[in-house]
Amino acid sequence: MDFVILPRNLHISLTIYKVACVCLGFLCFIFHLGRGRGGASGHQGGPIYQFKPSNTGWYKCTVVKSSKYEKSYIINLIKDYAKPYEFEYYNFVKIDVDTYSFFVSNFDLAEKLFLSRGRIKTVTNHTLIVLVSSATPYVELNNEIKDKIKLVMAKRYNGDNKALDLSKFYADPDFVEANMFVPLDRSNVMTSVCNIINENLPDLFALNLSENKLYYPESLISLAKVIPRVKILYLAHNNIKDLATIRTLESLSNLEELRLEKNPWTECFNEQDAYTSEVRKIFPKLLKLDDIQLPPPIVFDLEDNIELPKPQGSFLCHPEARDILRAFLEQYFALFDTESRAGLIDAYHENAQYSLVVTQGLGNNHLLNNMLANSRNLLRIEEPQRQKSLLSVGKADILRALRFLPATKHDLLSFTCDCPLYTPGLIQFSVCGLYEEITTGTKNKSKLIRAFNRAFLLVPRSGGGFAITNDQLFITSATPEQAEKAFSSQVTASESTCSTPVSNEILIKQNMVKALSQVSGMNLNFSEKCLNEVQWDYDQAVTIFNQLKAKNALPSEAFI
């Protein structure tokens, strides 16, 4: 067999021809594929479009160039074309001389209408053009529609069971007959319904809102406010897409039965237990979910109406702590606000520890960075050696650290004090408030107001009084609201723990007498004599008491 050698250019031409044939075949395949359901525009030979479900569940249909035809004729044409789907339409209106519009809620129906171009023919063989798009319906409520809403709700209310059925509310025959479009997923419609419930149905027990395309969290927030006693709520077949939307109803603390099936969010769960667990976290008293009986919830046997304690500006676990701490704080911060702060050295125990944490807040952070270098924020400082170096130990080391801080002027009337532990041997408390950072030689003319929180541990001191063993100071910039209230004359003395000056020495001695009486069992007179004989050294008084008790040398009248 003889082989024919073709010119080189002819080989290239054949190759291009083959590629062109393959591409043409592929395009033809796509064209025919696109003419199937959901894959094409309405006219033959047109580009390929994908019809997607609407986020709101509504589809707006517009009939264009239809001035020659009556509304009823157009409806019958579309109804015949839509088969086997039922042509359920809402708000069929003429929006101009040549155009009608209406809404449908069924995706399959909307898709078929989307693919209808060139296929709906009039008796004169004229093509009826229907444009379909996803849309959010606009609803304008007038008094006539509001009155109709009230009548429909009255018709759907069961007084014997205190139950209101608003399922598929927009499709109620009374609305359809009056050509009124009243979808509950529109905020103004839901607001109108909520107002009617609030005015007429305060004891509503059960509410059915299924098949209303609800998805808007704000609408459910408004609803929750007017149905606080509802125990049965149906929200099935809506467009709820996330857990956050369900949480808007968590104030319904009495809810016992809930239906959520056929919502996009519920379809995400593969396991029923996980779904039930998430819902029950929001509604702990729930007994039935999606028509499935749930095991009884684990609850505490408490009364329904529990009166919580009244809020207090300060919490003190022992009534005696108030006067002691007021005197301590008054004297401590009076010394702290001096120029040298030298008097504070005697307030600390020999082995006391002090640390500082500084963070920038929402207010004026001017000059706050100057203190950040000495901030012992353990969330930011991970090196053990650095953590240790920023901890001040001992009286002298603590005083040096306190002198490093800028000059201050504390607002005693802003103080709030909490004391969770008060014993003869240990007092734990914290104080928070505001102070002004005194600045000199800067261009900043406005006051620098800081917010602080300070935690103290106090132990009895030999010779009387208490010593600080632990001091943790937190500083940040005050918020604009705090800065505005700082050093304000509007704050009354009764609001502050440190508002009234008292004698610190007298209070400390009284506390030591009571403490020794509690430890020893002696009466207050003998406890005071014992402390007086040892110059108010509490530790020495306890030692002498134990020695005399061991020798049985204490008189009986000491315990009367």
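These numbers were taken from a predicted model, which means no experiment stands behind them.

Calculation rules
Residues numbered from 1 in each chain as written. Predicted model: local features only at pLDDT ≥ 70, side-chain atom pairs only at ≥ 80, totals over all residues. Heavy atoms only, no water. 1 Å grid on protein atoms, 1.4 Å probe; cavity = no way out; pocket = protein on both sides within 12 Å on 5 of 7 lines; lining within 4 Å. Points joined across faces, edges and corners; volume = space filled by probe spheres on them. Nonpolar A, V, L, I, M, F, W, Y, C, P; charged D, E, K, R; others polar. Domains from an automatic or database assignment. Pairing = 2+ DSSP bridges. Helix = DSSP H or I, 4+ residues; strand = E, 2+ residues; numbered from the N terminus. Axes fitted to C-alpha atoms, helices over the stretch in contact; angles between N-to-C directions. Buried < 20%, exposed > 50% of the residue type's maximum accessible area, 1.4 Å probe, protein only. Contact = heavy atoms within 4.5 Å. Expected span 1.5 Å × (residues − 1). Polar contact = N/O pair within 3.5 Å; in protein donor to acceptor, adjacent residues only side chain to side chain. Core = buried A, V, L, I, M, F, W, Y, C linked by side-chain atoms within 4.5 Å. Phe/Tyr/Trp six-rings, centres within 6.5 Å; stacked < 30°, edge-to-face > 60°. Salt bridge = Lys/Arg side-chain N within 4 Å of Asp/Glu carboxyl O.

Asker: Let's hear about the layout of surface pockets: which residues, and what values?
Answerer: One number sums up the size of the largest pocket: a volume of about 440 Å³. The wall of the largest pocket is formed by 19 residues, among which Gly57, Ser105, Phe107, Lys213 and Asn239 lie closest to the centre. Within the lining of the largest pocket, the residues separate by chemical class into five nonpolar, eight polar and six charged. Structurally, the lining of the largest pocket is a two-domain feature, drawing no fewer than three residues from each of domain 1 (54–134) and domain 2 (143–293).

Asker: Talk me through the sheet that holds strand E2 (residues 90–96); I want residue IDs and the actual numbers.
Answerer: Spatially, E2-E3-E1-E4 is the arrangement adopted by the four strands of the open sheet, whose pairing is antiparallel. In this open sheet, the two strands that pair with only one neighbour each are E2 and strand E4 (129–134). Taken over all neighbouring pairs, the strand axes of this sheet differ in orientation by 20° on average, direction set aside. Alignment of strand E1 (residues 59–64) against E4, held across six bridges, turns out to be antiparallel.

Asker: An account of the pairing of strand E3 (residues 99–104) is requested, with residue identities and associated values reported.
Answerer: With six of six residues buried, E3 lies mostly within the body of the structure. What you see with E3 is no split at all: Thr99, Ser101 and Phe103 on one side and Tyr100, Phe102 and Val104 on the other are buried throughout. In this structure, E1 lies alongside E3, joined through five bridges in antiparallel fashion. Across the sheet, Thr62 pairs through a bridge with Ser101, a residue of E3. Bridge analysis of E2 against E3 gives four bridges, and the strand direction is antiparallel. Bridge pairing links Asp96 to Thr99 in E3.

Asker: Explain the sheet that holds strand E17 (residues 448–460) residue by residue, including any values.
Answerer: Across a sheet, paired strands are connected by hydrogen bonds in the backbone, their directions being either parallel or antiparallel. The mixed open sheet is built from seven strands, whose spatial order is E12-E15-E16-E17-E18-E13-E14. A single partner strand is all that each edge strand has here, and the edge strands are strand E12 (315–316) and strand E14 (392–393). One ladder, built from 11 bridges, connects strand E16 (residues 427–437) with E17; its direction is antiparallel. Across the sheet, Phe429 pairs through a bridge with Phe456, a residue of E17.

Asker: Let's hear about the environment of Val152: which residues, and what values?
Answerer: Mapped onto the secondary structure, Val152 falls in helix H4 (residues 143–155). Given a relative accessible area of 0%, Val152 falls into the buried group. Sequence spacing of Val152 and Phe169 is 17 residues, and the spatial spacing of their C-alpha atoms is 8.8 Å. When sequence neighbours within four positions are dropped, the list of residues in contact with Val152 reads Phe169, Asp172, Asp174 and Phe175.

Asker: I'd like to hear about helix H6 (residues 187–200), residue by residue, with values.
Answerer: For H6, which comprises 14 residues, the first-to-last C-alpha distance of 20 Å matches the rise-based estimate of 20 Å (1.5 Å per residue) to within 8%. Of the positions making up H6, those classed as buried are Val189, Met190, Ser192, Val193, Cys194, Ile196 and Ile197. Where the residues of H6 are buried, they touch H4, strand E6 (163–165) and helix H7 (217–226).

Asker: Break down the side chain of Asn212 for me, with residues and values.
Answerer: For Asn212, the position within the fold is in the loop between strand E7 (206–208) and H7. A relative accessible area of 0% means that Asn212 is categorised as buried. A distance of 3.1 Å separates a polar atom in the side chain of Asn212 from the backbone oxygen of Ser210. Leaving out residues up to four positions away in the same chain, Asn212 has contacts with Leu166, Ser167, Lys168, Phe169, Tyr170, Leu184, Asp185, His237 and Asn238.

Asker: So what's going on with empty space enclosed by the protein? Residues and values would help.
Answerer: Evaluation of the coordinates by the stated rule reveals two cavities of 30 Å³ or more. A volume near 70 Å³ is recorded for the largest cavity. Among the secondary structure elements, those contributing two or more residues to the lining of the largest cavity are helix H10 (321–336), strand E15 (408–422), E17 and strand E18 (466–477). Tallied by class, residues from the lining of the largest cavity come to eight nonpolar, two polar and one charged.

Asker: Describe the nonpolar core, naming the residues involved and giving the relevant values.
Answerer: Formed by 54 residues in total, the largest nonpolar core has its most connected members in Ile149, Phe169 and Leu233. Counting residues per element, the ones that place at least two in this core are H4, H6, H7, helix H8 (243–247) and helix H9 (272–282). Take this core: its biggest share by element is six residues, from H6. Each of domain 1 (54–134) and domain 2 (143–293) gives at least three residues to this core. For Phe169, the contacting residues outside a window of four places in its chain are Ile149, Val152, Met153, Arg156, Phe175, Val182, Leu184, Val193 and Asn212. In terms of nonpolar packing, the next biggest core, distinct from the first, is built from 36 residues, Tyr332, Ala347, Val358 and Leu458 among them.

Asker: I'd like a rundown of the packing of aromatic side chains, residues and numbers included.
Answerer: Going through the model one piece at a time under the given rule, you end up with 34 aromatic pairs. Between the aromatic rings of Phe92 and Tyr100, the centroid separation amounts to 5.7 Å while the plane-to-plane angle is 55°, which identifies the pairing as tilted. Of the residues examined, Phe92 reaches a relative accessible area of 1% and is grouped as buried. Classification of Tyr100 by relative accessible area gives buried; the value is 5%. Centre to centre, the rings of Phe269 and Tyr275 are 5.5 Å apart; their planes meet at 45°, and the pair counts as tilted. Here Phe269 falls in the partly exposed class, since its relative accessible area comes to 25%.

Asker: Now, about the pattern of salt bridges: what can you tell me, with residues and values included?
Answerer: Tallying each qualifying case throughout the model produces 16 salt bridges. Between Lys281 and Glu278 there is a salt bridge, with the nearest N and O atoms lying 3.5 Å from each other. Here Lys281 pairs with Glu278, and both are found in helix H9, just three residues apart, close to one helical turn. On the basis of relative accessibility, which here comes to 22%, the residue Glu278 falls in the partly exposed class. Here Arg326 makes a salt bridge to Asp323, at a shortest N to O gap of 3.7 Å. Of the two residues, Arg326 and Asp323 are both situated in helix H10; the distance of three residues between them amounts to about one turn of the helix. We classify Arg326 as buried; its relative accessible area is 8%. Its relative accessible area of 32% is what places Asp323 among the partly exposed residues. Several salt bridges share partner residues, and in doing so they unite Lys155, Arg156, Asp172 and Asp174 into one network.

On their own, these measurements won't tell you what the molecule is for.
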